[in-house]
Amino acid sequence: MGSAMGERDHRRQRWAARGALAAVALAALLPLVSGGLKGLLLLLAGLVGLALTAAALWWILSRRGPARMAAAVLAVVAPVGVITLFAAANLIWVVFASLLLWCLAVWSGRYALRSTGLRPMRVKEYRTPPPQRPFILLNPRSGGGKVGKFSLKEKAEELGAQVVLLDPDHHQDVTALAKAAVADGADLLGVAGGDGTQAMVAAVAAEHGLPFLVISAGTRNHFAMDLGLDRDDPSTCLDALTDGVELRVDLGFADGRPFVNNASFGVYGAVVQSPGYRDDKVGAALERLPELLTRQSGPRLTASADGTTIADPQAVLVSNNAYRMDDPFGFGRRERLNSGKLGVLAVRVDSAVEAAELLLSPRPEGLTVLTAQHVVVDADEPHLEVGLDGEALTLPAPVHCRIARRALRVRVPRNRPGVPEAPPRLDWRRLRKLAAAVGRTAAPARSRRS
């Protein structure tokens, strides 16, 4: 019976792969079959419209005054003009039909690849006794006041934790507070705050081999998201104090400064230094970007990642494990937090043509994506502006980034939303092999734990 079920699964896999390839072919041929030469010309017009839109976005970011306004108009007019051309030729339905076929191809292709039984590696959970003397820092301003909204102080104290509420009007050294708590006998360190605050306390926990509790009370909670925690109700994170498990995850460092998410150099590293960035991120970015993108200000960067040299990028992002870049639904998420590798993303764009290539080309020259254990970012200036988990810092050049593999014991609730399973990457070569197969194509692989 099991053999029969396996054969049915493989049959579905083969037909799903064939359906994906057929949908792709129809999506590409539909404009030509329906419109003939006119359809071909409109297809070319669509590509030109996309290129113009990408160029306009580049001019919006890299220009000021009338030039920026004209570019904003072009960014709207170009796609509207393409849609108008299709509508005038009575071929607007072709656009929607092609989009639907592409969606069908993606869904069918992922179903075929998912049904092979291949699954991403899961983080191993360790069952450990609950802490006896937990210590938790709470930032009342974090996330627009989530600490007060969800009564985190009262709930943590009810569970036996020692709680320190940070004073929003006076700077306090959270690293010193965490170290003092360890000296006083704390057997768990927790924090409700932004990712920058999380990283500083996490480094103390890792140094002393203590479990670390993440409370998702920040604004974006990127680290909490990739840990699979509930970002809508941070009070559920406290369940880890009584019914929790531990995960071993990596911790990044930039010249000894810890980060749980990323260190940004170049454009973003400079923008976060702006005085008005916290209150008006878009306005601050538009004010600084023209000089930074056109290299009128800011240092010239050089990055080296395990021997690979990246010359003169405008921006370098070094992340604690790699971000997913190939899927819009999983964009900016990390599939793993324990690979022992830094993710590296570097961008170099010096013209509107290169901006269009960045959008349209499957492998643009101006984009570098790789992983490494050691990354060095240097500059032609003695100091580098860095955005470390969103916090503005200035560090002496060069900056050495490294990763401490599985150095952090993160305690999380046993029952939590979890990280959504990422869909498999579309591998058209593999889909062609699956579609052409006659018998069983691939035995299901077991899910592995890391």
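Structural data are supplied above this passage.
For clarity, every value in this text was computed on a predicted model and none was experimentally measured. (Residues numbered from 1 in each chain as written. Predicted model: local features only at pLDDT ≥ 70, side-chain atom pairs only at ≥ 80, totals over all residues. Heavy atoms only, no water.)

**Q** Account for the overall build of the protein chain, with residues named and values stated.
**A** Along the backbone of the protein chain there are 12 helices and 16 strands. Considering only C-alpha atoms, the protein chain reaches an extent of 80 × 70 × 45 Å along its principal axes. Counting over 450 residues, the protein chain shows a buried share of 43%. Charge separation in the protein chain, taken as the distance between the mean sites of 54 positive and 43 negative side-chain charges, equals 11 Å. (Helix = DSSP H or I, 4+ residues; strand = E, 2+ residues; numbered from the N terminus. Buried < 20%, exposed > 50% of the residue type's maximum accessible area, 1.4 Å probe, protein only. Lys, Arg positive; Asp, Glu negative; His and termini not counted. Charge placed at Lys NZ, Arg CZ, Asp CG, Glu CD.)

**Q** Can you lay out the side chain of Arg324 for me, pointing to particular residues and giving the numbers?
**A** Looking at the secondary structure, you find Arg324 in the loop between strand 10 (315-320) and strand 11 (342-347). Looking at Arg324, the relative accessible area reads 3%, which means it is buried. Looking at Arg324, its side chain comes within polar contact range of the side chain of Glu335, at 2.9 Å. (Polar contact = N/O pair within 3.5 Å; in protein donor to acceptor, adjacent residues only side chain to side chain.)

**Q** Help me get a handle on the packing of helix 3 (residues 92-114) against helix 12 (residues 428-436), residues and values and all.
**A** Running from N to C, helix 3 and helix 12 point in directions that differ by 70 degrees, and their axes come no closer than 10 Å. Taken as axis vectors, helix 3 and helix 12 run roughly perpendicular relative to one another. Along its contact with helix 3, which presents Ala105, Gly109, Ala112 and Leu113, the element helix 12 presents Trp428, Arg430, Leu431 and Leu434. Here the residues of the contact of helix 3 with helix 12 sort into six nonpolar, one polar and one charged. (Axes fitted to C-alpha atoms, helices over the stretch in contact; angles between N-to-C directions. Parallel < 35°, antiparallel > 145°, perpendicular 65-115°, else oblique. Contact = heavy atoms within 4.5 Å. Nonpolar A, V, L, I, M, F, W, Y, C, P; charged D, E, K, R; others polar.)

**Q** How would you sum up the environment of Arg348? Please name residues and give values.
**A** Positionally, Arg348 belongs in the loop between strand 11 and helix 11 (352-360). Of the residues examined, Arg348 reaches a relative accessible area of 36% and is grouped as partly exposed. Counting along the chain gives 35 residues from Arg348 to Pro313, while the straight-line C-alpha distance between them is 4.5 Å. Setting aside anything within four residues of it in sequence, one finds Arg348 in contact with Arg295, Ala311, Asp312, Pro313, Gln314, Glu354 and Gly366. Among the polar contacts listed, one links the side chain of Arg348 to the side chain of Asp350, at a separation of 3.1 Å.

**Q** So, the sheet that holds strand 14 (residues 383-388): which residues are in play, and what are the values?
**A** With antiparallel pairing, six strands are arranged side by side in an open sheet as 12-11-10-7-14-15. At either end of the open sheet lies a strand with only one pairing partner, and these are strand 12 (367-372) and strand 15 (391-396). The mean inter-strand angle of the sheet, taken between neighbouring strand axes irrespective of direction, is 20 degrees. With six bridges joining them, strand 11 and strand 12 adopt antiparallel strand pairing. Its bridge partner being in strand 12, Val347 is matched across the sheet by Leu367. (Pairing = 2+ DSSP bridges.)

**Q** Provide a residue-level description of the nonpolar core, including the pertinent values.
**A** Leu189, Phe212 and Phe223 are the most contacted members of the largest nonpolar core, which has 51 residues in total. Of all the elements, helix 7 (residues 195-208) adds the most residues to this core, at six residues. Dropping the residues within four chain positions of it, Leu189 is found in contact with Phe135, Ala178, Ala181, Val182, Val201, Val204, Ala205, Leu210, Pro211, Phe212 and Leu213. One finds Phe259, Ile310, Ala372 and Val375 within the second-largest nonpolar core, a separate group that totals 25 residues. (Core = buried A, V, L, I, M, F, W, Y, C linked by side-chain atoms within 4.5 Å.)

**Q** Outline helix 6 (residues 174-183), supporting the account with residue identities and numerical values.
**A** Where helix 6 is concerned, the buried positions are Val174, Ala178, Ala181 and Val182. In a view along the axis of helix 6, the buried residues occupy a sector of 100 degrees, so they form one face of it. In this structure, the buried side of helix 6 is in contact with strand 1 (134-138), strand 3 (188-192) and helix 7. One side-chain oxygen at the N-terminal end of helix 6 lies 3.0 Å from the backbone nitrogen of Thr175; it belongs to Asp173. Just downstream of helix 6, Gly185 is the residue with a positive phi angle, here 105 degrees. (Arc of directions from axis to C-beta.)

Bear in mind that shape data such as this cannot, by itself, settle questions of function.
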